[in-house]
Structures are given as C-alpha cells and as structure tokens.
Amino acid sequence: TMTRNTFSLHAIISAAVLFPLATQAAAEGTKVDPATASIYQDVIRPILADRCDSCHGEKKSKGKLRLHTPEEIQKGGGDGEVIAAGKKDDSPLFQRIQLPDDDEDVMPPEDKPRLTPEEKLIIGWWIDQGAAFDKKIADLSPPDDIKAALGTLVLAEVGAPETAAPKVAQPPAADPALLEGIANTGVLIMPLAQDTTFLAANAINVSKSFGDEQLKQLAPTAPQLQWLDLAKTQVSDAGMAEVGKLGALTRLHLENTAVTDAALAEIGKLTNLEYLNLYGTKVTDAGLAQLANLKNLKKVYLWQTGVTEEGAKKLEQALPEVEVNLGWKEPAPAAPAEGEEKKA
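In this text the structure is predicted, and so the values were computed from the model without any measurement. (Residues numbered from 1 in each chain as written. Predicted model: local features only at pLDDT ≥ 70, side-chain atom pairs only at ≥ 80, totals over all residues. Heavy atoms only, no water.)

> Hey, could you run me through the side chain of Thr 221 in this one?
For Thr 221, the location among the structural elements is in the loop between helix 9 (212–215) and strand 3 (225–229). What makes Thr 221 buried here is its relative accessible area of 0%. Contacts of Thr 221, omitting those with residues within four sequence positions, involve Leu 178, Leu 179, Ile 182, Ile 189 and Leu 199. (Helix = DSSP H or I, 4+ residues; strand = E, 2+ residues; numbered from the N terminus. Buried < 20%, exposed > 50% of the residue type's maximum accessible area, 1.4 Å probe, protein only. Contact = heavy atoms within 4.5 Å.)

Structure follows, in structure tokens:
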C-alpha cells in the first residue's frame, strides 16, 4: 500500500502515463509579453493544465468537474460552483489547493505534485480580481508580490521546455528497485515520457527535508536523469558537486535555494543542459560567466538575483542561442497618439 508522501513502484509506472499529458499544454506555450499577455490563457490555463487536467480535464472528470475550458470552470462540478468571482476564500477551488498536504481533500491529491506557493498566490489573486477569462495581466495592475510570482511563471513559459528530445544516446533502464527506493523517500521520480528510459525527478513534496546529503541518492540515476527539480529545497553550494555529476541533465530547477556563484562552477560541467532556473538565488554576473561553455543552453531564468542586464548580455554574446530572462518588467507606457499633448 501507499502511505502519505511515499510512492510505490505502481505509482511510478502510472506517472509515466500522466507526466507527458500534464506537461504537454505548457510545452506548447510561447514566451509572452506582459503588456499583452492574457491572465487566463497565458497564466491560469497552463497552471491548471500542469496540475489539474489529469483528473479534471477533457479526458477525465473526477467529481464531475472539468477545468480545461472557461465554460467548464464556470459550470463547476457535482457539488456546484468551484469559483466565486471576487471571493477567493469562498471558492472551493482555492480552498482545496490551500489545504495541508496531509489533508485527504487537498488538491492535487497525494500522488501528484502540489501547486507551488507562487501558483496558489496567482490563482487566489486572479479569483479576487473577478476570475476574468478575457483580461490582460496589465489590465489588472498586479501588485509587487504578484509581479514576483509572475516572473517565475509567465516569463518562464510555465512548465516544460520546447522539446524533451534527448541530446545523448538513450541509456539502459534504471533498476526498478532503485527507483522505488528513491520514491519511498518522497521524491517524485518517473519516466520522462512513454517509451524512454530517461527520467525526471522532483523533490517538491519533501522540499523542507531534502538537502545536500539527499542529493547523493540520485547519483545512480546519472545516466538516465534528464530533468531535475530542486526548487525550494535545502540544497546549497556544497551539494552541487553531486549535481555536476549528473551529465545527462537537460533541465535543472534551483529557484529559491541557497546556491550562489560557487554552485555555477559545477553546473558549468553539465554540457547537455538546455534549461536552468535560478530565480530567487544569490548568483551574480561573476557566476553567470561560468556557464559560457554550455553550448546547448537555451534558457536561463534569473528573476530576483544579483545578475545585471550587462551580465546577461555577456552570456548572450558568448552563447548566441541562449535567452537570459531577468523577470517581470513593467510594460513601457504607450506613446501618445499623434497630435495628443503629453500630460504634465
């Protein structure tokens, strides 16, 4: 049997089917301009697709609830409406995602990754703003805390990169007993897609207890591990030597961790890396320069770090195909129409 925060091999195999579906919609997204982005289509919809659609989407309606279209969201489920526009605390959808992880009614349920604090914050704010499906982000004048959250979601293209195509030859499958042992520690580890031996690992469910020592348990998966999410965990520069050995990695999340420039010396060894998220860390221009040899790197997210526009430009010059994203910026004010006087 599965206990709370532990996962059997059956759960790993089931996740192999659900994981590609959960990330598909996000992977199809494109970078959005905060001046023109839709709050629903470009932010809320990808979150729901990633976290909710496997149970409440086009192919499944648990509790008679579907969340894959505005019409279905407004319709609600078997127990009635799930959103009370303008009142997040009266909205069952928001109530359920806010429950403690060990509550039997929490959504998503125990065998699926939870919403991040930023995702919960944005959904609550959207509901309080009227749960509009047709407004732009800029129309809603987001406060600073929402801008910070949007910096990790909208401008980071919520979810998967454009492609999960491996850059290295497919390795032999990992030992199922090894995967079950890792899963039993609370780490979500699963095939990256169907018919592949590559793996994705996510420590979100054990972020408060997962640190440098726990990174060692991932070492045997080095040939297979391509996606690694360590966001909000307790890992530090000391543990990055273990990460530097995971040579198959193409995607690495380190947002809101204690890593600094020292960590980037190890990350600079990951020659297959395509995506790197360092939001909310203490990295600076000096550390960023250590990534200049990562020829496969395409996207680096650096909202709320010590990296400057000058440092970002230097990396983009060294790696012409890389996009360095420094996060949310206020849309520039529209130029006055011809003949219109500027206001004092």
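There's more to say after this.
> In this structure, what is going on with helix 2 (residues 40–51)? I would like to understand it.
In an α-helix, one turn spans 3.6 residues, which is why side chains three or four residues apart end up on the same side. Across the 12 residues of helix 2, nine count as buried, placing the element largely inside the fold. Within the sequence span of helix 2, burial applies to Tyr 40, Val 43, Ile 44, Arg 45, Pro 46, Ile 47, Leu 48, Ala 49 and Arg 51.

> Would you mind showing me how to read the environment of Leu 215 here?
Positionally, Leu 215 belongs in helix 9. For Leu 215, a relative accessible area of 3% corresponds to the buried category. When the C-alpha atoms of Leu 215 and Val 243 are compared, they prove to be 7.5 Å apart, with 28 residues separating the residues in sequence. Aside from chain neighbours lying at most four places away, what touches Leu 215 is Phe 210, Leu 230, Val 235, Gly 239, Met 240, Glu 242 and Val 243.

> Sorry if this is basic, but what is going on with helix 13 (residues 309–318) here?
Buried within helix 13 are the following residues: Gly 311, Ala 312 and Leu 315. All buried residues of helix 13 lie within an arc of 100 degrees about the axis, which places them on one face of the element. In helix 13, the exposed residues that point more than 90 degrees away from the buried face are Glu 310, Lys 314 and Gln 317. Lining the buried residues of helix 13 we find helix 12 (285–288), strand 6 (299–301) and strand 7 (323–325). (Arc of directions from axis to C-beta.)

> Got a minute to help me understand the pattern of salt bridges in this structure?
Pairing between side chains of opposite charge can happen when the charged atoms of each approach one another. Inspection of every chain in the model, using the stated rule, returns 10 salt bridges. Across the pair Lys 88 and Asp 128 runs a salt bridge whose closest N-O atoms are separated by 3.8 Å. Separated by 40 residues along the polypeptide, Lys 88 in the loop between helix 4 (70–75) and helix 5 (92–97) and Asp 128 in helix 6 (residues 117–128) bring together distant segments of the chain. Given a relative accessible area of 34%, Asp 128 falls into the partly exposed group. One salt bridge connects Lys 299 with Glu 323, and the closest N-O pair in it is separated by 3.3 Å. Residue Lys 299 is located in strand 6, and its partner Glu 323 is located in strand 7; the two are separated by 24 residues in the primary sequence. (Salt bridge = Lys/Arg side-chain N within 4 Å of Asp/Glu carboxyl O.)

> Please explain the layout of surface pockets as it appears in this structure.
Empty space among the atoms becomes visible once a probe the size of a water molecule is rolled across them. Counted as a void, the second largest pocket has a volume near 440 Å³. Taken together, 23 residues line the second largest pocket, and the ones lying closest to its centre are His 56, Leu 65, Val 82, Arg 96 and Met 107. Mapped onto the lining of the second largest pocket, the elements with two or more residues apiece are helix 3 (53–56) and helix 5. For the lining of the second largest pocket, the element with the highest residue contribution is helix 5, accounting for four residues. By residue class, the composition of the lining of the second largest pocket is 11 nonpolar, six polar and six charged. (1 Å grid on protein atoms, 1.4 Å probe; cavity = no way out; pocket = protein on both sides within 12 Å on 5 of 7 lines; lining within 4 Å. Points joined across faces, edges and corners; volume = space filled by probe spheres on them. Nonpolar A, V, L, I, M, F, W, Y, C, P; charged D, E, K, R; others polar.)

> What exactly am I supposed to notice about the packing of helix 2 against helix 6 here?
When two helices pack together, their arrangement is captured by the angle between the axes and the distance separating the axes. Contact geometry for helix 2 and helix 6: axes closest at 11 Å, N-to-C directions at 125 degrees. The orientation of helix 2 with respect to helix 6, classified from their angle, is oblique. By crossing handedness, the relation of helix 2 to helix 6 is classed as left-handed. Counting all contacts with helix 2, which are made through Tyr 40, Val 43, Ile 44, Ile 47 and Arg 51, the residues of helix 6 involved are Glu 119, Ile 122, Ile 123 and Trp 126. Of the residues contributing to the contact of helix 2 with helix 6, the split by class is seven nonpolar, no polar and two charged. (Axes fitted to C-alpha atoms, helices over the stretch in contact; angles between N-to-C directions. Parallel < 35°, antiparallel > 145°, perpendicular 65-115°, else oblique. Left-handed = near helix turned anticlockwise from the far one by under 90°.)

> I would appreciate a short explanation of the pairing of strand 3 in the present structure.
A regular strand places its side chains on the two faces of the sheet in alternate fashion. Here strand 3 lies mainly inside the structure; five of its five residues are buried. With four bridges connecting them, strand 2 (residues 199–202) and strand 3 associate as parallel partners. Across the sheet, residue Asn 202 finds its bridge partner in strand 3, namely Asp 229. Here strand 3 runs beside strand 4 (residues 251–253); their pairing, made up of three bridges, is parallel. Residue pairing across strands places Asp 229 opposite His 253, the latter belonging to strand 4. (Pairing = 2+ DSSP bridges.)

> Help me understand the packing of aromatic side chains, please; the structure alone is not making it clear to me.
Two aromatic rings are characterised by how far apart their centres lie and by the angle between their planes. Counted by the stated rule, this structure contains four aromatic pairs. Plain terms: the ring middles of Trp 126 and Phe 133 are 5.6 Å apart, the flat faces sit at 80 degrees to each other, and that makes the pair edge-to-face. Geometrically, the ring pair formed by Tyr 275 and Tyr 301 is tilted, given 5.3 Å between the ring centres and 50 degrees between the ring planes. Taken together, the positions of Tyr 275 in strand 5 (residues 275–277) and Tyr 301 in strand 6 put the pair 26 residues apart, joining distant regions of the chain. In this pair, the class of Tyr 275 matches that of Tyr 301, namely buried. Members of the aromatic cluster, each reached through a chain of ring pairs, are Tyr 40, Trp 126 and Phe 133. Positioned above the aromatic ring of Trp 227 is the side chain of Arg 251, whose terminal nitrogen or guanidinium carbon lies 5.4 Å from the ring centre. The ring centre of Tyr 275 lies 3.6 Å from the NZ or CZ of Arg 251, which sits over that ring. (Phe/Tyr/Trp six-rings, centres within 6.5 Å; stacked < 30°, edge-to-face > 60°. Lys NZ or Arg CZ within 6 Å of the ring centre and 35° of its normal.)

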